[in-house]
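Examination of the molecular architecture
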Amino acid sequence: MSWFKKDPLQIIPFYTYGTTEHLYLKGRALEDEDIDLEKKDWFSLLLNSWKRFETDEIRKTPLVVSIPNNDIIKSSTDAEGYYLLDNHSKNLNQYIDDEGWLEYYVSYESESKKRQIQLNNRFTGQMLIPRENASFGVISDIDDTILHTGVTSRLKWRVVVNTFFKTPHKRKALEGSAEFYHLLHNGKSSNEANPIFYVSNSPWNLYRYLAFFLKNNNFPKGPILLRDFRTPFDRTPKMELAHKYHEIFNILKTYPNLNFILIGDCGEKDAYIYLDVVKEFPNRITAIYLRAVEHSKRMKRIGNLFKDYDEVPVLIVENGEQALKHARNHGFIV
């Protein structure tokens, strides 16, 4: 954001997922507004938060995507600066690394002499293709599941404080969650590379913020699936449900031979969504973990919901050791 000069251009490729024959790539072209995640004074925090939501999208602009199999694919951004490739491809498995990640490059098709383009107009993206030896996948919520957000607070005021006035350095992962996710990622044999998918109702504007948080707190790398922007005060549960249903259903349909563990919290709608997922995909859900929240009415409601439930193993997680013991007893981790 600058009133005196044009900011340089950038492209932010999102972590996505696909298969050996299905290429699914997504990202966003924006002006680089120099958001410095290292700055911690209150004015810089507020300014950086403003920049994240007051984005200058590069709309309707041609892009070029380079795949390791020597395919060159032309694409373009939409009215909000997003690019999306949903293409058929072949033999992508020979280009993935040990964790299942396929690397690609995306560039602006033409370089304007009037606008600087960061990274020499070569931006690296990655798409996950789960390895064949994966025993299961994990689909996890972010908000109040691994990151304290405050979505259960009155009027969601804690969401505003945590989002706008805390750097990702100061956002601490909930106790034991990073260790638990790494153990699930490694699986019973310790080298399974079980895929982890992070699904949140946070807007795409917070993608880099959340990606930094996950990396800084040593979580396994995985696709981060967010949604279009809305204000923290916009309480539209039908939209929230539709987003999570869409993402979770799509993951299970993409990998029909892979079962999944679902991880969420007791604060919002995760429990109800996950029960519907079990009904929609019988014999595909291995377990459900729901982190407890400091809200007595919601905890009582969730407790009653699962009182006589026996379709799949369900654990209301009070602490990290409890989750580790449960996962070991069910043969998910060593």
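Placed above this text is the structure.
As a starting point, this report considers the structure included with it. (Residues numbered from 1 in each chain as written. Predicted model: local features only at pLDDT ≥ 70, side-chain atom pairs only at ≥ 80, totals over all residues. Heavy atoms only, no water.)

This part takes up the packing of helix α6 (residues 270–280) against helix α7 (residues 296–305). A pair of packed helices is characterised by two quantities: the angle between their axes and the separation of those axes. The N-to-C vectors of α6 and α7 enclose an angle of 20 degrees; their axes lie 11 Å apart at closest approach. Taken together, α6 and α7 sit at an angle that is classed as roughly parallel. Relative to α7, α6 is oriented so that their crossing is left-handed. Residue-level inspection shows A271, Y272 and L275 of α6 in contact with α7, the latter providing R301, I302 and L305. (Axes fitted to C-alpha atoms, helices over the stretch in contact; angles between N-to-C directions. Helix = DSSP H or I, 4+ residues; strand = E, 2+ residues; numbered from the N terminus. Parallel < 35°, antiparallel > 145°, perpendicular 65-115°, else oblique. Left-handed = near helix turned anticlockwise from the far one by under 90°. Contact = heavy atoms within 4.5 Å.)

Here is a general trend for soluble globular proteins: nonpolar side chains tend to be buried in one another's company. Counting 37 residues, the largest nonpolar core has F180, L184, Y198, I261, Y289 and F332 as the members making the most contacts within it. At the level of secondary structure, the elements contributing two or more residues to this core comprise α3 (177–186), β10 (196–203), α4 (207–216), β11 (224–227), β12 (260–265), β13 (285–291), β14 (314–317) and α8 (320–329). Aside from chain neighbours lying at most four places away, what touches I261 is F136, G137, V138, I139, L184, T286, A287, Y289 and F332. (Core = buried A, V, L, I, M, F, W, Y, C linked by side-chain atoms within 4.5 Å. Buried < 20%, exposed > 50% of the residue type's maximum accessible area, 1.4 Å probe, protein only.)

With that settled, the discussion passes to the pattern of salt bridges. When the charged atoms of two side chains with opposite charge come close together, those side chains can pair. The final tally for this structure, using the stated rule, is 6 salt bridges. For R59, the salt bridge is made with E57, and the minimal N-O distance between the two is 2.9 Å. Given the relative accessible area of 16%, E57 is considered buried. Among the charged side chains, a network of salt bridges with common partners joins R28, E57 and R59. (Salt bridge = Lys/Arg side-chain N within 4 Å of Asp/Glu carboxyl O.)

What follows deals with the environment of K279. In this fold, K279 is placed in helix α6. Residue classification places K279 among the exposed residues on the basis of a relative accessible area of 68%. Taking C-alpha positions, K279 is 9.3 Å from E311, a pair spaced 32 residues apart along the chain.

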